[in-house]
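# Summary of the model geometry
Listed below are the residues making up each chain.
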Amino acid sequence: MVMEAKGGEEEDPFPKDANTKHIRTVEQLAKNARNLMLAHGFLCAFVVGIYGRTIRLARFDHAYGVVSPPFSFDDDGGAWLVKKFLWHFVHPIVGHRVVGSDPTLTPFSPDDREWVMSLLSKLKPRKWNAHVGELEKGRRVEVYDQRTGKCVPYLCYHLVDVNGRLFSRATMVWRAIEDTRIWKDGQLIPDPDCSRQVKPRILKEAWRQLVRTAETEFYDRLESRIPHDKMFGLARVECGGDIGALEAKWWKRTVNGELPELVPSGDAAADDGGPSGASSGRSAERARPFCSIGSANVPDDRFTAPTPNHVPPFPYPLRYPQHETYSSRLNLPKSLHRERSHMRMVIEDVGHPLTEFNGSREAIAAMRDAIKGHETAWKEAKVLHRDVSLGNILIADDPSETSHRGFLHDFDYSSMEPIGSDMRSSSSRLVIDGEVIKEDAIAQFKERTGTYYFMAMELLRPLPTVLHQEHHDLESYYWVLMWIVLRHTHCHFQLLMTEGQELCKTLFDSPSDAVAFDHKVSWVSNADDRLVVVDNAPLTILVRKFTELVHSTRRTFTVLEPPRLTHAAVLKLFDEALAMEGWPENDWKPCTMLDDPDPRTGLVPVLPDIPSGYEIETEGRALRSRTASRHSQVTALAGPSRLPSLGTASGSRAQPRSGTKRTHEGDAPAPSGATHSRKRSKATTMGPPLDPGDAAVAGPSGATTSGGRNRRSGSQAVLSRQPTRSSSRIQAQKERGASRSDSAR
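Source: prediction; values computed, not measured. Per chain, residue numbering runs from 1 following the sequence as it is written. Two thresholds apply to this predicted model, a pLDDT of at least 70 for residue-level local features and 80 or more for giving and counting side-chain atom pairs, whereas whole-chain, interface and lining totals are computed over all residues. Calculated side-chain values reflect all of the structure's heavy atoms, with hydrogen atoms and water omitted.

### Regarding the sheet that holds strand 7 (residues 139-144)
Two strands are counted as paired when DSSP detects at least two bridges linking them. Counting from the N terminus, the helices are DSSP H or I runs at least four residues long and the strands are E runs at least two residues long. Strand order in the open sheet formed by seven strands is 6-7-8-9-12-14-13, with antiparallel pairing between adjacent strands. Where the open sheet ends on each side, the last strands, each with one partner, are strand 6 (105-107) and strand 13 (237-242). On average, each strand axis in the sheet is tilted by 30° relative to the strand beside it, whichever way the strands run. With five bridges joining them, strand 9 (residues 172-178) and strand 12 (residues 201-209) adopt antiparallel strand pairing. Within strand 12, the position partnered with methionine 172 by the bridge is glutamate 205. By the convention used here, residues are in contact when the closest approach between their heavy atoms is within 4.5 Å. Simply put, an axis is a line fit to the C-alpha atoms, just over the touching stretch for a helix, and the angle between two N-to-C directions goes from 0 to 180 degrees. With respect to the sheet, helix 5 (residues 215-225) is in contact with strand 12, strand 13 and strand 14 (340-347), its orientation differing from that of strand 14 by roughly 40°.

Here's what the structure looks like:
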């Protein structure tokens with residue numbers, strides 16, 4: 001929790017008119033919540049604003065910010081209300097820390113760190129020494145395997161990628177390894193019966209828009225139509241599922257009184273000393289089905305056999321779901337499409353970025369196999385990726401002779417068409433928990449797909465009839481190739497001798513869609529000069545032929561129906577280049593364009609043509625659709641005066657603007673010390689502060705407690721240190737200087 005104090009009631013930002021001073025106050029509240037959620041993996045975060053003798057309580061999740069009406073210390077119940085709130089905050093109904101913490105996540109213990117080190121030192125995966133430098137920030141998480149219903153624990157030891165925006169997908173990508181230990185005498189020890197050799201995996205978690213099809217459905221379609229060993233050039237899922245969807249089903253059935261009967265599992269035996277009685281030499285997670293309130297919070301007498309799409313046979317303990325946001329529906333009951341759902345999935349294939357190749361042939365071979373995977377996904381499963389980009393093509397770590405050298409992943413913004421008996425389609429209307437999401441709502445709130453730098457020319461200036469198709473994805477491969485060549489090889493124009501990094505700035509640094517379109521058209525139409533890669537004839541020829549191919553497929557005033565890029569034509573170019581002699585070794589060149597580059601792209605953020613004052617995507621990934629952009633001008637947060645009421649004139653809701661995917665996070669540093677101690681406080685018989693009238697009051701966790709009854713004990717409060725006014729001002733200046741776009745604006 002963060003408490004932010006101001007000098008007087010006039011500095012309360014919410015009832016004021018929109019001005020820079022008050023907007024920045026709201027921004028700071030949101031940034032504090034963002035940092036808490038990012039550093040500790042919270043599902044939501046609380047911020048207390050103190051303005052003289054007036055207090056407001058704010059709760060933020062990845063969809064909305066909800067702000068309480070103001071109340072005063074001078075009122076009879078003001079001080080009591082603060083005490084009541086704080087007591088409930090540190091005594092959550094579920095979880096072992098504070099309200100808002102994820103009960104399926106625990107920080108690394110010393111034993112966890114030692115276990116990870118012992119495994120990696122034996123396996124010796126690529127660059128493993130560099131991946132264990134910050135094990136104290138690691139996490140042990142429970143993954144929901146929707147195919148079996150089981151809970152599979154993983155140890156996340158290295159953070160690969162993070163989107164630190166508050167109102168966003170908040171994607172985090174980790175290197176992780178399955179935890180196969182078992183509980184014995186209160187400790188986790190190696191399982192003597194486990195003969196499987198676990199390997200490092202990629203664990204991804206995100207908060208998806210409910211108006212979008214879950215990424216796991218795309219992988220289900222791929223694996224149902226393509227044999228596992230034939231998924232060449234495609235990432236393969238080890239396990240995963242949508243936690244929010246599962247929890248929402250459980251919550252709704254609890255509300256409707258439709259819970260299933262208890263079906264005991266044969267594994268439920270004597271207590272073995274592990275959390276909640278892990279038994280019979282089995283870990284608690286593998287013996288039980290996944291539960292969104294955490295395996296340690298499931299009573300032993302509610303032990304059930306795991307099944308796909310199961311619902312626990314006991315009531316959901318909270319008032320609202322916590323792995324699926326509910327903030328919008330507090331004020332607008334029919335606004336399910338505005339919410340987000342928490343998902344986790346584990347990818348079997350592990351790779352490294354295209355920009356980390358040793359020799360350029362390695363990157364080209366990886367791209368070739370990813371193109372083949374794209375073709376297989378479309379032709380065999382009717383799944384179109386729709387976001388081919390630098391970050392979504394990886395070079396495989398330690399590939400074998402028969403496996404792919406690179407692969408395509410990240411299908412969360414894909415689309416699919418009906419095929420055979422599978423009639424699922426990403427263009428179909430959505431029905432979530434019995435609520436039909438209208439097509440205009442889907443179009444209004446869906447984010448435009450595609451990474452800005454790599455979007456096809458036709459999508460930058462689309463006609464009304466233009467839909468995203470497979471040839472647009474194939475053109476994106478061309479722009480990815482140009483990004484790599486211009487930034488990480490020694491190259492120049494043959495006549496003008498302009499070097500690659502200057503050409504990269506000219507080609508990709510565009511302030512608007514229109515300018516980006518003109519830059520790309522000019523690039524592929526340049527017949528007067530050609531790009532030469534120094535001492536690399538195969539790559540020079542590939543670039544020239546691919547440029548000519550893309551140019552031949554461009555729509556013009558005289559050629560309204562040009563030929564389209566095909567997988568066969570593009571694969572032919574790559575195969576011919578890879579078969580040539582003359583590829584240099586170790587020709588990777590570092591990019592020196594920026595002193596402080598984005599870790600994933602290294603380029604100055606592109607500023608799309610969106611009106612000033614509205615959220616933009618700084619890395620250009622998945623910019624909003626024009627419909628969403630127009631809508632945001634009406635509903636987006638332009639200042640405190642636009643905050644919708646939460647049932648009273650003084651209660652407020654901070655509404656995010658639609659539409660970003662993952663982004664540059666130079667403006668969102670994770671606070672140091674992003675972990676908590678696992679030590680639990682001793683049980684206490686202290687109850688919440690008594691209501692002067694002993695009336696039942698609902699705490700922030702959704703529980704209702706009357707007086708000192710129904711007391712709960714919990715862990716020690718996790719409170720962040722209140723920064724000084726000067727340090728806050730300095731930090732705010734640094735953040736504003738790092739990026740002109742922030743999720744709270």
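Once you've had a look at it, read on.
### Looking at the environment of alanine 63
Tracing the sequence through the fold places alanine 63 in the loop between strand 3 (54-60) and strand 4 (65-67). Between the C-alpha atom of alanine 63 and that of arginine 338, which follows or precedes it by 275 residues, the distance is 7.3 Å.

### A few points about the nonpolar core
Core analysis: the biggest nonpolar cluster contains 84 residues, and Leu354, Trp479, Met482, Leu486 and Trp523 have the highest contact counts within it. Counting residues per element, this core draws most heavily on helix 12 (residues 470-488), at 11 residues. Not counting residues within four places of it along the chain, the set of residues in contact with tryptophan 479 comprises Tyr453, Phe454, Met455, Ala456, Met457, Leu507, Phe508, Lys520, Trp523 and Val524. In terms of nonpolar packing, the next biggest core, distinct from the first, is built from 31 residues, Met1, Cys44, Val98 and Val99 among them. Only buried residues count toward a nonpolar core, which is a set of Ala, Val, Leu, Ile, Met, Phe, Trp, Tyr and Cys residues joined through side-chain atoms within 4.5 Å. Only protein chains enter the calculation, and the probe is 1.4 Å; a residue is then buried if its accessible area is under 20% of its type maximum, exposed if over 50%, and partly exposed in between.

### Here we look at unusual backbone geometry
Despite not being glycine, lysine 124 shows a phi value in the positive range, around 50°. Tracing the backbone through its elements, the reader meets lysine 124 in the loop between helix 3 (110-123) and helix 4 (128-131). A residue is classified by how much of its surface remains accessible, and lysine 124, at 55% relative accessible area, is exposed. With a phi close to 50°, asparagine 586 is a non-glycine residue in the positive phi region. Topologically, asparagine 586 is positioned in the loop between helix 16 (567-578) and helix 17 (626-635).

### What about helix 6 (residues 243-256)?
Its 14 residues place the ends of helix 6 20 Å apart at the C-alpha level, agreeing with the 20 Å of an ideal helix rising 1.5 Å per residue. Buried residues along helix 6 sit in contact with strand 7, strand 13 and strand 14. N or O atoms within 3.5 Å of each other form a polar contact, as long as, within protein, one can give a hydrogen and the other can take it, and as long as residues adjacent in sequence are counted only when both atoms are side-chain atoms. Put simply, aspartate 242 is the residue that caps the front of helix 6, since its side-chain oxygen is 3.1 Å from the backbone nitrogen of glycine 244. Positive backbone phi, approximately 70°, marks glycine 257, located one or two places after helix 6. Expected span of a helix, by definition, is 1.5 Å for each gap between consecutive residues, and there is one gap fewer than residues.

### Some points on the environment of leucine 57
If you trace the backbone, leucine 57 turns up in strand 3. Distance from leucine 57 to phenylalanine 71, taken between C-alpha atoms, is 9.4 Å for residues 14 residues apart in sequence. With residues up to four places along the chain from it excluded, the contact list for leucine 57 reads Val47, Val48, Val66, Val67, Ser68, Phe71 and Phe85.

### Observations concerning the environment of valine 533
By the secondary structure assignment, valine 533 is in strand 23 (residues 531-533). A sequence separation of 48 residues divides valine 533 from valine 485, and the C-alpha atoms of the two residues are 7.9 Å apart. In contact with valine 533, other than residues within four places in its own chain, are Val485, Thr489, His490, Cys491, Leu539 and Thr540.

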